[in-house]
Amino acid sequence: MASSRTGTSAWQRAARMALHLAKARGQTHCPYCSCPLDYENKLTPNGAWVDHVIPYSKGGTHEQSNLIVCCRTCNISKGNRAAPKKKTVLNAKPLKTSRKW
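Computed from a predicted model, the values in this text were never measured in an experiment.

Asks: Could you give an account of helix α1 (residues 9–25), naming the residues involved and the relevant values?
Replies: Helix length check: α1 (17 residues) gives 24 Å between terminal C-alpha atoms against 24 Å at 1.5 Å per residue, within 8%. Considered for burial, the residues of α1 that qualify are W11, A14, A15, A18, L19 and A22. Considered in projection along α1, the buried side chains sweep an arc of 135° and stay on one side of the axis. The exposed set on the far side of α1, more than 90 degrees from its buried face, consists of R13, R16, H20 and A24. Buried residues belonging to α1 abut β1 (48–52) and β2 (67–71).

Asks: Run through the side chain of Q27, naming residues and quoting values.
Replies: Note on placement: Q27 falls in the loop between α1 and β1. Look at Q27 and you get buried, because its relative accessible area is 17%. Polar contacts involving the side chain of Q27 include one to the main-chain carbonyl oxygen of H29, which spans 3.4 Å. A polar atom in the side chain of Q27 sits 2.8 Å from the backbone oxygen of V69.

Asks: Could you give me a rundown of the nonpolar core, with the residues and numbers involved?
Replies: Ranked by internal contacts, the top residues of the largest apolar core, which has 17 residues, are C30, L37, Y39, V50 and V69. If you list the elements that add at least two residues to this core, you get α1, β1 and β2. The greatest single-element share of this core, amounting to 6 residues, is contributed by α1. Residues contacting L37, with those up to four places away along its chain left out, are Q27, T28, H29, C30, N46, A48, V69, C70 and C71.

Asks: Quick one: what's the story with the pairing of β1, residue by residue and with numbers?
Replies: Burial analysis of β1 places 4 of its 5 residues in the buried class, which makes it a mostly covered element. Strand direction decides the pairing type here: β1 and β2, joined by 5 bridges, are antiparallel. In the sheet register, D51 faces β2, and the bridge partner there is I68.

Asks: Could you give me a rundown of the pattern of salt bridges, with the residues and numbers involved?
Replies: In the structure shown here, the tally under the stated rule is 1 salt bridge. The closest approach of N and O atoms between K78 and D51, which form a salt bridge, is 3.0 Å. Linking K78 in helix α2 (residues 72–78) with D51 in strand β1, this pair joins segments that are 27 residues apart in sequence. A relative accessible area of 5% means that D51 is categorised as buried.

Asks: Report on the state of the cysteines, specifying residues and quantitative values.
Replies: The tally for this structure, following the rule as stated, stands at 0 disulfides. The thiol of C35 is not disulfide-bonded; the next cysteine sulfur, from C33, is found 3.5 Å away. C74 supplies the cysteine sulfur nearest to C71, a cysteine that is in no disulfide, at a spacing of 3.5 Å.

Rules behind the numbers
Residues numbered from 1 in each chain as written. Predicted model: local features only at pLDDT ≥ 70, side-chain atom pairs only at ≥ 80, totals over all residues. Heavy atoms only, no water. Helix = DSSP H or I, 4+ residues; strand = E, 2+ residues; numbered from the N terminus. Expected span 1.5 Å × (residues − 1). Buried < 20%, exposed > 50% of the residue type's maximum accessible area, 1.4 Å probe, protein only. Arc of directions from axis to C-beta. Contact = heavy atoms within 4.5 Å. Polar contact = N/O pair within 3.5 Å; in protein donor to acceptor, adjacent residues only side chain to side chain. Core = buried A, V, L, I, M, F, W, Y, C linked by side-chain atoms within 4.5 Å. Pairing = 2+ DSSP bridges. Salt bridge = Lys/Arg side-chain N within 4 Å of Asp/Glu carboxyl O. Disulfide = S-S within 2.5 Å.

Printed below as a string of structure tokens:
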């Protein structure tokens, strides 16, 4: 049986280091949705989680250059897709509906 990627000591060390570096740099907001990050309680929707820019399942590594700290909601919704470009996220068009407001 294969082991979990998140259970390996290499991943845990890399994730702790990424969180430490993000706090040291003063990163307070998610780079994808700009919500404030909560470093203390990771189970909240805006909890700080470490994410791979190039997904591990697609050949990404645990190197710091491939890791980013983002909110839990963005990390879970991203899944194993590549990270969206910041310009795309910030300039997203509003949701179109058939309803006339």
